[in-house]
Amino acid sequence: ACIYFYITKSKNQYMYCITTKNLSYRFNGKDTVLSDIELAVPKGAIYGFLGPNGAGKTTTLRLLLGLLKKQTGSIQFFEQDFEGNRLSILRKTGSLIEAPSIYAHLSASENLALLQKIYRCDKNRIDEVLKLVGLEHTGKKSAGKFSLGMKQRLSIAIALMHEPELLILDEPTNGLDPNGIIEIRELLKKLNQEQGLTILISSHLLAEIEKMVTHVGIINKGKLIFQGTMQSLHEAQQQQSVIYFETNNLPATKNILQAAGLHAVEYEKGLSIQLAEPAKVALANTQLVEQGIAVYQISVIKNDLESIFMDLIK
């Protein structure tokens, strides 16, 4: 089943930075890679585009940026059709698709100086962007000697040179160590919160995305199976959370819980019930103790993003 949560426009005409309709793509005219993708990326959001490897994330991003020729459907940026407005749209869009595009023999500032001439922006922008991504003290050190995390930050700096309104990143934390992942996460949150930058980021690192994004789109086998806010996803998590009981007598525990109107099922070494009111749980615990049952543990097990993701793609 496909689940969508759309945000309606407010009186202030809330704008989507990206929308697609019936976006589909086939390789060699045969193998369907994407089927009727309908993205809705709100202005000011950090939108996590999630899916397993081969789900169609990179293909979607390539279509958005015109790196692949669109076959079916429509693409809009800033409520303008991409076709016919390509140059003006790309002037407001920064991107990093797959591997970082940097010159290894040049320093960070020298890499940015090349882009400064191409974009014809002020030279002061180089220092501004280096400070923004935390590379202002790298001096003449060649980019080839940078850590992977520093290279990713430099690539993001390149994407930011022309002061875009929208940033599109394809797996920017891929291959990074935990510290590098944290660096990129904090950088993107800072850009969103302090610069007002809208960010579309694809990833398969679910736990990391959960700490960063405001909106989520989940794609699997070329189909968008969920789209909505993180709040709506957390509400779904809450609904699927359970309370876990571990005691010295599970059959008797099950009978007492069910007599109290709490449907109990086996879960690992104990029993679980759907998340219930605290008063009901307290009453059940009292009844268990009164019946001489030793209660070893009562805990809430919350579904995380990974659990919901696996449920959806199944």
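Look above for the structure.
Now for a quick tour of the structure. What you see is a predicted model; the values in this text were computed from it and never measured. (Residues numbered from 1 in each chain as written. Predicted model: local features only at pLDDT ≥ 70, side-chain atom pairs only at ≥ 80, totals over all residues. Heavy atoms only, no water.)

### Looking at the nonpolar core
Threshold: Throughout, nonpolar core names a set of buried Ala, Val, Leu, Ile, Met, Phe, Trp, Tyr and Cys residues whose side chains join them through atoms within 4.5 Å. For every residue, the accessible area obtained with a 1.4 Å probe (protein chains only) is divided by the maximum for its type, and the residue is called buried under 20%, exposed over 50%, and partly exposed between those limits. Under the DSSP-based scheme used, a helix requires at least four consecutive residues in state H or I and a strand at least two consecutive residues in state E, with every element numbered from the N terminus.
Counting residues in each nonpolar core, the largest one holds 44 residues, and the members touching the most others are L112, I156, L160, L167, L188 and L191. Sorting elements by how many residues they give to this core places helix α5 (residues 148-160) first, with seven residues. Membership of the second largest hydrophobic core comes to 28 residues, among which are C17, Y47, L63 and I97.

### A closer look at helix α6 (residues 178-195)
Put simply, the rule is: In a helix, the anticipated span is given by 1.5 Å times the number of residues less one. Each C-beta atom gives one direction from the helix axis, and the arc is the one those directions make. We call two residues in contact whenever any of their non-hydrogen atoms come within 4.5 Å of each other.
For α6, which comprises 18 residues, the first-to-last C-alpha distance of 25 Å matches the rise-based estimate of 26 Å (1.5 Å per residue) to within 8%. Listed as buried for α6 are G180, I181, I184, R185, L187, L188, L191 and N192. The arc that holds every buried residue of α6, seen down its axis, measures 160°, which confines them to one face. Relative to its buried face, α6 has exposed residues pointing more than 90 degrees away, namely P178, Q193 and E194. Tucked into the core, α6 has its buried residues touching β5 (46-50), α4 (124-132), α5, β9 (166-170), β10 (198-203) and α7 (206-210).

### Looking at the sheet that holds strand β14 (residues 265-267)
Keep this limit in mind: Only strands joined by at least two bridges in the DSSP assignment are considered to pair. Lines are fitted to the C-alpha atoms to define the axes, a helix being fitted only along its stretch in contact, and any angle between axes, read from their N-to-C directions, falls within 0 to 180 degrees.
The sheet built from four strands is open, its strands ordered β14-β15-β13-β16 with antiparallel pairing. Here the strands that pair on one side only, and so sit at the sheet edges, are β14 and β16 (295-301). Between one strand axis and the next, the sheet turns through 35° on average, direction left out of account. For strand β13 (residues 242-247) and strand β15 (residues 270-274), the ladder comprises four bridges, and the chain directions are antiparallel. Bridging across to β15, F245 finds its partner in L271. The strands that helix α9 (residues 250-259) touches are β13 and β15; relative to β15, the one it contacts most, it runs at about 15°. Packed on one face of the sheet, helix α10 (residues 278-290) meets β13 and β16 and runs near 165° to β16.

### Concerning the packing of helix α3 (residues 108-119) against α4
Note the cut-off: Roughly parallel means an angle under 35 degrees; roughly antiparallel means over 145; roughly perpendicular covers 65 to 115; every other angle is labelled oblique. Each crossing gets its hand from how the near helix is turned against the far one by less than a right angle, where anticlockwise is left-handed and clockwise is right-handed. Lys, Arg, Asp and Glu make up the charged group, whereas Ala, Val, Leu, Ile, Met, Phe, Trp, Tyr, Cys and Pro make up the nonpolar group; the residues left over, Gly among them, are polar.
α4 packs onto α3 with a crossing angle of 130° between their chain directions and a minimal axis gap of 9 Å. With respect to their mutual orientation, α3 and α4 come out oblique. By crossing handedness, the relation of α3 to α4 is classed as right-handed. Packed against α3, whose contacting residues are A108, S109, L112, A113 and Q116, the element α4 presents I126, V129 and L130 at the interface. Of the residues that constitute the contact of α3 with α4, the class distribution is six nonpolar, two polar and no charged.

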